[in-house]
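Structural features, examined
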Amino acid sequence: MASLAIFTIIIIGPAAIAVVNAENPTIRFNISEEVRSGQKVGSIPTAAKQFLNTTASSLLYTFLPPTDANTLFSIHDESGDIFTSVVIDREDVCKYDLVCKIDFDVAVRSVDNGYFQIVSVQIYIDDENDNSPLFPMDVYHLNISEGTSSGSYNIQPAVDKDLGGNNSIQSYHLVLNPDSQGYFQLIANKNLVGTFMLKLVLQKVLDREEKDTYTLEIVAKDGGNPPNTGTLKVVVHVLDTNDNTPEFTSLVYNISIKENLAAMETILNLTATDSDLGENARVTYRISEFQKNRDILDEYFLINETTGELKVKSDLSTIAGETYRFIVEAVDHGVVPLFSQAEVVVHIEDYGNNAPVVSISYISPGNTGFVNVSENARNNSFVAHVNVEDQDSGLNGEVRCEISNSYFSVVPMDKGFKVVVNAVLDREVLNAYNLTVTCFDKGSPVMSGSTHFIVRISDYNDNKPGFVQPTYAAKLTENNKGNEELLKVSATDPDEGRNAVVHYAMHGDALGRFVVDSATGVVRVNEIFDREKEPVITFRVLAIDSGFPTALTGTATVTLTLTDKNDNPPTFNKTVHGFKIFENQPTGTDVAMLQAFDLDDGVNAEFDFSIESEYIDNIPFVLFSDGLLKANKQLDREEKSRYDFVVIVTDHGENQQSSLAHVTIIVEDVNDNRPIITFPKPTNKSVTVLYPDFESEYVATIEAYDLDEGRNKELQFSIRAGNELGIFKIDKNSGVIFFDSQVDIGSDRDIALDIAVADKGETPLETVTTLEIQLKYTNATFLASADSLSNSKYIIISVVVVVVTLVISGAIIAVILVLRTLDRKRKMEQGNDSAQTLDSDFGFTQVTQNHTILSTDTLSSGSGEGHDLIKKKEVSFVLDNNDSFNYHQQYQNGNISMASQDKPSKSSLRYSARTDLSQNVLDTRELQNEANAQLQTIKLQQMMLQSRAKQWVQQQQQQYGIVAHEDHHSDGSAETIGSDSGRGCSEEDDVFSTPSADDPKLFEISSPESQHSYHPQPVDPYNQPCGSYIKQPWTRKPHLAHKDYKSSHSQLGLNRNLNVRHSVHLENIPSRYTDVSQNRSSWGSAFYGGLGPMDFTGDSALHSFFDKTPVIMLNRDDDDNCSTTTSGSYTIQSEEIL
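Residues numbered from 1 in each chain as written. Predicted model: local features only at pLDDT ≥ 70, side-chain atom pairs only at ≥ 80, totals over all residues. Heavy atoms only, no water.

Regarding the overall build of the chain
When helices and strands are counted, the chain shows 13 helices and 62 strands. In the chain, which comprises 1138 residues, the proportion classed as buried is 44%. Considering only residue pairs separated by 6 or more positions, the chain has 70% of its internal contacts joining residues 24 or more positions apart. With an accessible surface of roughly 58700 Å², the chain has 50% of that area assigned to carbon and sulfur atoms. (Helix = DSSP H or I, 4+ residues; strand = E, 2+ residues; numbered from the N terminus. Buried < 20%, exposed > 50% of the residue type's maximum accessible area, 1.4 Å probe, protein only. Contact = heavy atoms within 4.5 Å. Areas by Shrake-Rupley, 256 points an atom, 1.4 Å probe, with all protein chains shown as cover.)

Observations regarding the confidence of the model for the chain
Summarising the model, the chain shows a mean pLDDT of 74, and 69% of its residues fall at 70 or more. Ignoring residues within four places in sequence, the model shows residues 1–22, a span with pLDDT below 50, making 44 contacts including any to other chains. Overall, residues 962–1138 carries pLDDT values under 50, and its contacts beyond four positions in sequence, including any with other chains, amount to 402 contacts. (pLDDT = per-residue confidence, 0-100.)

Quick word on the state of the cysteines
Counted by the stated rule, this structure contains two disulfides. The partner cysteine of Cys94 in its disulfide is Cys100, sulfur to sulfur 1.8 Å. In this structure, the disulfide formed by Cys94 and Cys100 twists by about 65° around the S-S bond and is classed as right-handed. Of the two residues, Cys94 and Cys100, both sit in the buried class. The disulfide partner of Cys401 is Cys439, and the S-S distance across this bridge is 1.9 Å. Classification of the bridge connecting Cys401 and Cys439 rests on its S-S torsion, roughly 100°, and on that basis the disulfide is right-handed. With Cys401 in strand S28 (residues 399–403) and Cys439 in strand S31 (residues 432–441), this pair connects stretches of sequence that are 38 residues apart. (Disulfide = S-S within 2.5 Å.)

Description of unusual backbone geometry
Cis geometry is found at the peptide bond from Pro65 to Pro66, where omega equals 0°. Mapping Pro66 onto the fold places it in the loop between strand S4 (59–63) and strand S5 (73–75). Residue Pro680 is reached from Phe679 by a cis peptide bond, and omega for that bond is -5°. Among the structural elements, Pro680 can be located in the loop between strand S51 (676–679) and strand S52 (686–691). Backbone geometry at Asn479 places phi at a positive 60°, although glycine is not the residue there. Relative to the helices and strands, Asn479 is located in the loop between strand S34 (471–477) and strand S35 (485–488).

Observations regarding the sheet that holds strand S44 (residues 590–593)
Here we have three strands laid out as an open sheet, ordered S44-S48-S47, and antiparallel in their pairing. Edge positions in the open sheet fall to S44 and strand S47 (621–623), since each of these has one partner strand only. In this sheet, neighbouring strand axes are inclined to one another by 20° on average, regardless of whether the strands run parallel or antiparallel. Both S47 and strand S48 (residues 628–631) contribute to a ladder of three bridges, which runs antiparallel. Bridge pairing links Leu623 to Leu629 in S48. (Pairing = 2+ DSSP bridges. Axes fitted to C-alpha atoms, helices over the stretch in contact; angles between N-to-C directions.)

Quick word on the nonpolar core
A general feature of soluble globular proteins is that nonpolar side chains tend to end up buried together. Among the nonpolar cores identified, the biggest contains 30 residues, and Phe73, Ile82, Phe104, Val121 and Ile123 are the most heavily contacted of them. Where this core is concerned, the elements lending two or more residues are strand S2 (26–32), helix H1 (44–47), S4, S5, strand S7 (101–110) and strand S8 (116–126). Excluding residues that lie within four positions of it along the chain, Ile82 makes contacts with Phe29, Gln39, Lys40, Val41, Gly42, Ile44, Phe73, Ser74, Ile75, Phe104, Val121 and Ile123. Of all hydrophobic cores here, the second largest spans 28 residues; its members include Ile319, Tyr324, Ala330 and Ala342. (Core = buried A, V, L, I, M, F, W, Y, C linked by side-chain atoms within 4.5 Å.)

Some points on the pairing of strand S22 (residues 309–312)
Pairing of strand S18 (residues 266–269) with S22 involves three bridges; the strand directions are antiparallel. The partner of Thr266 across the bridge, within S22, is Lys311. Note that strand S21 (residues 301–303) and S22 share three bridges and pair antiparallel. Directly across from Leu302, in S22, lies its bridge partner Lys311. Where S21 folds back onto S22 in an antiparallel hairpin, the turn is made up of five residues, including Gly308, whose phi is positive at roughly 85°.

Some points on the sheet that holds S34
Read from one edge of the open sheet, four strands run S34-S41-S40-S37, paired in mixed fashion. Two strands lie at the open edges of the sheet, namely S34 and strand S37 (502–506), each paired on one side alone. Along the sheet, successive strands turn relative to each other by an average axial angle of 30°, direction set aside.

Digging into the pattern of salt bridges
In the structure shown here, the tally under the stated rule is 33 salt bridges. Between Arg637 and Glu709 there is a salt bridge whose closest N-O contact spans 3.4 Å. Of this pair, Arg637 sits in the loop between S48 and strand S49 (642–651) while Glu709 is found in the loop between strand S54 (703–705) and strand S55 (715–721), placing the two residues 72 residues apart along the sequence. Given the relative accessible area of 9%, Arg637 is considered buried. Judged by relative accessible area, Glu709 falls into the partly exposed class, the value being 40%. A cluster of three or more residues bridged by salt bridges with shared partners is formed by Arg427, Glu428, Asp459 and Glu496. (Salt bridge = Lys/Arg side-chain N within 4 Å of Asp/Glu carboxyl O.)

A short note on the packing of aromatic side chains
Scanning the entire structure with this criterion turns up 24 aromatic pairs. For the pair Phe301 and Tyr324, a centre-to-centre distance of 6.1 Å together with 70° between the ring planes defines the contact as edge-to-face. Here Phe301, found in strand S21, pairs with Tyr324, found in strand S23 (residues 323–331); they are 23 residues apart in sequence, far enough to count as distant. By relative accessible area, which is 9% here, Tyr324 ends up buried. Ring geometry for Phe467 and Tyr472: centres 6.4 Å apart, planes at 85°, overall edge-to-face. Phe467 gets classed as buried once you look at its relative accessible area, which sits at 12%. An aromatic cluster is defined as three or more aromatic residues linked by ring pairs; in this entry it consists of Phe63, Phe73 and Phe104. Residue placement shows Lys204 over the ring face of Tyr183; its charged tip is 4.4 Å from the ring centre. The lysine or arginine in question, Arg456, covers the ring of Phe370, its NZ or CZ lying 3.9 Å from the ring centre. (Phe/Tyr/Trp six-rings, centres within 6.5 Å; stacked < 30°, edge-to-face > 60°. Lys NZ or Arg CZ within 6 Å of the ring centre and 35° of its normal.)

Overview of the environment of Phe607
Relative to the helices and strands, Phe607 resides in strand S46 (residues 607–611). Taking the C-alpha atoms as reference, Phe607 lies 9.2 Å from Gln657; in sequence the two are 50 residues apart. Excluding residues that lie within four positions of it along the chain, Phe607 makes contacts with Pro570, Ala596, Phe597, Asp598, Ser625, Val649, Thr650, Asp651 and His652.

A look at the environment of Val667
You can see Val667 is positioned in strand S50 (residues 658–668). Along the sequence, Val667 and Ser641 sit 26 residues apart, while their C-alpha atoms lie 4.8 Å from each other. Once residues lying within four places of it in the same chain are set aside, the contact partners of Val667 are Ile581, Glu583, Leu635, Arg637, Lys640, Ser641 and Tyr643.

See below:
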């Protein structure tokens, strides 16, 4: 382009040329190949200084991708210097390029990226003469036939990897040995691409017989300084041509022989030689074809073509005195044979007596020189007739004959002789006999004559076909298609003609599963096979000849081995496995050996076991590939007693097959857990009982459990220490402690019993605990010493309380019945106007179409919601204004603490309905208010009686000197040791305290759900802040003073201490939709066993003191004023309220 300006800059150091164009500047560097790694090539900022138009003080230089130049060179990013990264071999980098150039771009930018320029770099790699010319081979063998007068032969030139300048090949020259001078010349012509074409030129005819090998050297030289050379050794082999004729040792052979020479006797050895090689030098001998007496020569003379021996062929007596001249030839075996000739002259000398002349007469017409005899011919069968002529007389004319083979014999006849069969003939052994019949006269010397003829043995079908192999082996993969070629059988028959024609057929044992081509013997399958059913199949193939009249058959056995195909999955011997292992076994304990089988064979029948992946991380077992199942950690039956998982067995076949089995492992128990005692325990280890107690022997029950199972879980109890007085005994199976004997202890006594609880394991484990029993000494004559008047007063008070309670209960029942009757009548009148009636249970809020029922908490809390409903219909167990006032006055006079009437009582129940109810509903409200007033009046009277009874008891105690201890260890105390109970009140206060109107503990209900709940392992139920139990004198059943978890109905019948309080407090009756975990339920759950809906127990303290009836207390969940039930308290079922 005309607009481009080109600048050249010469710099110090490696040559650098800078060229700039309109696009981006280009700089050039030169470097020689084979310089060391890290050699500086040049500096970019120096070479391209004039093109980098920037004032930036610091520039960064990096390769601009894509480029492969970074494998050969590196750029210092700050200085811009280019260095070699490796030793550069120009021949590897640029191959056959005359100019070796590496092009790449370099990005030049300022540190702040404010300047950016691309510089193109060209690095030229200069060639060094570091490679010598190299021919493709070290030795080149060249074959040239002798007799070749001239010719040229191409020689592959040498290669020099160096291409630059004079470092490439510049010349070739030929190095000749002295014996090669004048025979060869090298012509080297350079072509257009700079390489040479070499030709070796033959200058003189070669003669192998003179010299058969020439060795030359061709040297290639490059133009380096010093030059490098490469040498090719050329070995010229002169090949022989048939250029020499055989030569006899003599041109004429002259011999004399006697007429009596025996047949096949050598009379002359001919010899000829040939200077050529190989077949060209191999010589054979013959009598020349072109001679007039050739037939006579062939009758009497014979020449061995290989050795050159001339022999007498037959009796010469008939030609005695004759001379024969004939030509013999020596011929080589060249492509164009050459021969030479010599003359043989034979003189036959007469010797005297004439030999007999023997001839054969062939009876079979058309046979000349041979006779056909069947191989099944019997002995003495006629073969041929022998005619003998002898010109002599006397003994010289008498003749006897013999034959050359013992299978035949010569039998004299009236005229001549006959040849007969003398042995069993077998054509397959020998199909022709060359027989010589020789006849001798009886002259002196004995003369003989002979003749030859051939007996051909004709075939008889006496051989069955025979297979090439008596047995054949074949292989076939099972599940085949059903028409595969299996193998090819082949049979031969030593007979001939039609007797040797064989066809093939299947034996009956093939069962139609195989077919054979009758002509070719190709056997094919005709069925699909299953190796697992029949791994090896044996059948036979028949070869049948075509003999007549009877065909013969040969048999071969074929063994077919079916090779396996992975068509069967490995199968467990059981699909469900169950194993057991004892817990606490060491890690790696064998659990079981899984077994499986695979009907396949070889690698297809090899399989591995494994655990299905989803179970591997969830079970403490490992399954080895051989099926060995081990535990990979110690097992704890108490942690988990059963493991279920799935195992897999997978074969090694190409298309892997697998199957599953389920494994269940039961961890069997080992007695590794000591019994756990739940009562007594450190936080609750004492009981208080009256002693002596003439009505009950029961003291306490030791409760324990064992985490093991079976015999290891069964417990037995014993007293180890502390029973020196012999007061107690323990049932070894149940753990119940009874009084064993009555001992006068004189006063209260604390006894600590060491109780041992052991399991029944093979090696029993036991736990020992201490039970502290506080014996409350009772004087048996105490009640007798009381004044009879006092006894009468107690009796009168008890009777009055019972009577009053009965009357009140009757009144309440009557009111409830009236209310329920009115309510049923109202429901019937309303019909379908109301979507849902009021539930018979108390204490929940329900909104229906016509009613709103509020919990007592809502109304008693003083909230606005409760006051807003003041206009609505109410049924409330509260006194009206006058009753409330009078009750309040009496309450103050009796020193009874009670909340004022201004604050609604929490024990009240209000029933609210819409203001638009019918008049009959208002009438019901009035009746309910009236019943409420009566109930409150009765309750007030009951409280007054309780207060008076309490005062009277206190007077009696003062009169008889009964003083309460600081802590009585009473049933109201949760502690059983001689210290303060933590309740803030004494036993008397607990028994006789008057319930306040706000006491939420007066009425407690156990839910049916909690009664039926199941606790497999007891929790700590003994840390009870308030409330304890005393022994129940009227029953032998053990009481569970230390339990606070809910019992079942069956337990309630036994544990009478778990009764509810006998006062009704409506606040603690929740809605039936409240969570059962709050241990609240409907009214019906407040009554246990056969206890009726109305329970008149009277004053607990009075009964405990006079009538020996039990003081029934309920465990408390929190601390309170230890209020208990007053005499005349009652229980109302929810069904009876309405």
